[in-house]
Amino acid sequence: MAGNRKPAVGFIFITLLIDVMGWGLIIPVMPELISKLKGIPINEASTYGAWLLFAYAATQFICSPVIGNLSDRFGRRPVLLFSLAGFAIDYVFMALAPTYGLLFFGRIIAGIAGASFTTGAAYIADISTPETRVKNFGMIGAAFGIGFMAGPLIGGVLGHLIGPRAPFFAAAILCFLNWLYGYFILPESLDREHRRAFEWKKANPFGSLKFLRGAKSIGGLALCYFLIYLAAMAVQGNWNYFTIYRFQWSPDLVGYSLGAVGLLVGIVQAFLTRKINPKLGNEKSIYLGLFLYSLGLILFAFATESWMMFVFLIPYCLGGIAGPALQSTMASHVARNEQGALQGALTSLMSLTTIIGPLIMNNLFKYFTTDKAPFKFPGVSFLLGAVFMLLSLAVVFSVFQRDKKEALIQQSPL
């Protein structure tokens, strides 16, 4: 295994990259595809799009711990190859799906196969030395960033030039090529001596959330974290439907805008956070980031010209300085031997927002773009997102004030 570590890490990076790219490839074309399959306008298609996101996210939430435990029982290689094969078959299935019902079923299959992130992370843990672990795990973040930037760009261009089903075939080809590479090149990372029996108790997707119930010191901060990701669903779940409906964007323009989001987020996370956080500290970085997030969402809601959406991405993406500062603050409230449990709980919280967020945001968008609403306001989801961001700002402010009062009480003489 030692001699094969380098190509193995490269394979895992490509696997996770294709996982994210496959998800991003179809975002720009999904509104048009749903609209054609259902014979409805784009604003009404947003509700059906939300249910597709729900199907994918809910299945992945349930299956991730199951897939992870299966990889502990049977090894990483067969589980990874199964996920890639499932992805390849599923993308072809969705590309040919003649009805929305079959498209929905396809997203369920994709959610099962998409649980490969769990096994990919376990593979990296298996093959990494203490000296290379941080660098290798950093590749997971890099795969997500590059995939989210490249996927919508490529998907938008293919959808515009060829048609709304072309990105699905492209994703299938990528997955099949990676499966071939993995089948002939990828070694197993978990030898039989270190495997364990499958346990349903450890495959419980809600188990990690129990940690937050017992960690009272971070309850408010966890609520803030939940509200931030719930607010972000106004962009992640509704951006393509809003821009196509409000500004008549084509799939390639949707792809360019999401590529810009990926680029800006990468710059903020890779460079600005390291410069700003040491100067401001965690508390002020969180306040500033949440304010910028809120400002960006409010500007999106009231944008009247297409170019404004690109400009308003700048304050919104700059809000990303809040995330690392918030996670750092939570980590400082938890014992060293509980850090893994904390990160698992936060991942579960984030998954829950992906399940419920699009249903809230997209249905609200649909309602306020129909004659049933008291007035038409396509940007209403962004405004609700801003409210959630401001609520999170109020929550975290109260937490910091409480901590300061407790610190003063402890320092005061009896």
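Residues numbered from 1 in each chain as written. Predicted model: local features only at pLDDT ≥ 70, side-chain atom pairs only at ≥ 80, totals over all residues. Heavy atoms only, no water.

**Q** Talk me through the overall build of the protein chain; I want residue IDs and the actual numbers.
**A** Counting its regular elements, the protein chain contains 16 helices and zero strands. For the protein chain, the proportion of contacts with a sequence separation of at least 24, taken over those separated by at least 6, is 82%. (Helix = DSSP H or I, 4+ residues; strand = E, 2+ residues; numbered from the N terminus. Contact = heavy atoms within 4.5 Å.)

**Q** Tell me what's going on with unusual backbone geometry, and back it up with residues and numbers.
**A** Unusually for a residue other than glycine, Q248 sits at a positive phi of about 55 degrees. As for its position among the elements, Q248 is in the loop between helix 11 (239-247) and helix 12 (251-301). Take Q248: its relative accessible area is 59%, and that puts it in the exposed class. (Buried < 20%, exposed > 50% of the residue type's maximum accessible area, 1.4 Å probe, protein only.)

**Q** Help me get a handle on the nonpolar core, residues and values and all.
**A** Nonpolar side chains tend to gather and get buried jointly when the protein is soluble and globular. If you look at the biggest cluster of nonpolar residues, it comprises 89 residues, and the most contacted ones within it are F300 and F382. With 12 residues, the single largest contributor to this core is helix 10 (residues 219-236). Those residues in contact with F300 that lie beyond four places of it in its chain are V235, W239, F242, M309, F312, L313, Y316 and F382. Within the second largest apolar cluster, 14 residues are counted, among which are F11, L17, Y123 and I124. (Core = buried A, V, L, I, M, F, W, Y, C linked by side-chain atoms within 4.5 Å.)

**Q** So what's going on with the environment of A110? Residues and values would help.
**A** With respect to the helices and strands, the residue A110 is situated in helix 5 (residues 100-113). In this structure A110 comes out as buried when scored by relative accessible area, which is 0%. Separated by 88 residues in sequence, A110 and G22 have C-alpha atoms that sit 9.7 Å apart. Apart from residues no more than four positions distant in its own chain, A110 is found in contact with Y56, F87 and D90.

**Q** Tell me about the pattern of salt bridges, and name the residues and values.
**A** Should the charged atoms of two oppositely charged side chains come close, the side chains can pair. Per the stated rule, a full pass over the model turns up two salt bridges. The closest approach of N and O atoms between K376 and D371, which form a salt bridge, is 3.9 Å. Using a relative accessible area of 74% as the deciding quantity, one classes D371 as exposed. (Salt bridge = Lys/Arg side-chain N within 4 Å of Asp/Glu carboxyl O.)

**Q** Help me get a handle on the packing of aromatic side chains, residues and values and all.
**A** Taken as a whole and assessed by the stated rule, the structure comprises 25 aromatic pairs. Measuring from ring centre to ring centre gives 5.1 Å for Y48 and Y100, while their planes differ by 80 degrees; the resulting arrangement is edge-to-face. You can see Y48 sitting in helix 3 (residues 42-74) and its partner Y100 sitting in helix 5, a full 52 residues away along the chain. With centroids separated by 5.2 Å and ring planes inclined at 20 degrees, the aromatic side chains of W179 and Y183 adopt a geometry described as stacked. Taken together, the residues W179 and Y183, both in helix 8 (residues 166-185) and four residues apart, mark about one turn of the helix. By relative accessible area, W179 is classed as partly exposed at 23%. For Y183, a relative accessible area of 42% translates into the label partly exposed. Linked through ring pairs, W239, F242, F247, W249, Y293, F300, F310, Y316 and F382 together constitute an aromatic cluster. The positively charged end of R77 is found above the aromatic ring belonging to Y183, 5.7 Å away from the centroid. (Phe/Tyr/Trp six-rings, centres within 6.5 Å; stacked < 30°, edge-to-face > 60°. Lys NZ or Arg CZ within 6 Å of the ring centre and 35° of its normal.)

**Q** Tell me about helix 12, and please be specific about residues and values.
**A** Structural remark: α-helix, 3.6 residues per turn; residues separated by three or four positions point the same way. Across its 51 residues, helix 12 extends only 21 Å between first and last C-alpha, which sits more than 12% below the 75 Å expected from 1.5 Å per residue. At G281, helix 12 shows its strongest bend, of approximately 115 degrees. (Expected span 1.5 Å × (residues − 1). Bend = angle between axes of the 7 residues up to and from the residue.)

**Q** Go over the environment of N69 with me, naming the residues and quoting the values.
**A** The residue N69 is located in helix 3 in this model. Placed 127 residues apart in sequence, N69 and R196 show a C-alpha to C-alpha distance of 8.8 Å.

**Q** Just give me the short version of the packing of helix 12 against helix 14 (residues 322-332), but keep the residues and values in it.
**A** Helix packing for two helices is described by the angle between their axes and how far apart those axes are. Where helix 12 contacts helix 14, the axes come no closer than 7 Å and their chain directions differ by 65 degrees. Taken together, the axis directions place helix 12 and helix 14 in an arrangement best described as roughly perpendicular. Here the hand of the crossing between helix 12 and helix 14 comes out right-handed. Side by side, helix 12 and helix 14 meet where Q269, T273, N277, N282, S285, I286, G289 and L290 of the first sit next to A322, P324, A325, L326, S328 and T329 of the second. Among the residues forming the contact of helix 12 with helix 14, the class breakdown is six nonpolar, eight polar and no charged. (Axes fitted to C-alpha atoms, helices over the stretch in contact; angles between N-to-C directions. Parallel < 35°, antiparallel > 145°, perpendicular 65-115°, else oblique. Left-handed = near helix turned anticlockwise from the far one by under 90°. Nonpolar A, V, L, I, M, F, W, Y, C, P; charged D, E, K, R; others polar.)

**Q** So what's going on with empty space enclosed by the protein? Residues and values would help.
**A** One pass over the full model with this rule turns up one cavity of 30 Å³ or more. What the largest cavity holds in volume is close to 170 Å³. What lines the largest cavity is a set of 13 residues, and nearest its centre among them are I27, M30, G49, L53 and N240. Among the secondary structure elements, those contributing two or more residues to the lining of the largest cavity are helix 3 and helix 11. Take the lining of the largest cavity: its biggest share by element is four residues, from helix 3. A class-by-class count of the residues in the lining of the largest cavity yields eight nonpolar, four polar and one charged. (1 Å grid on protein atoms, 1.4 Å probe; cavity = no way out; pocket = protein on both sides within 12 Å on 5 of 7 lines; lining within 4 Å. Points joined across faces, edges and corners; volume = space filled by probe spheres on them.)

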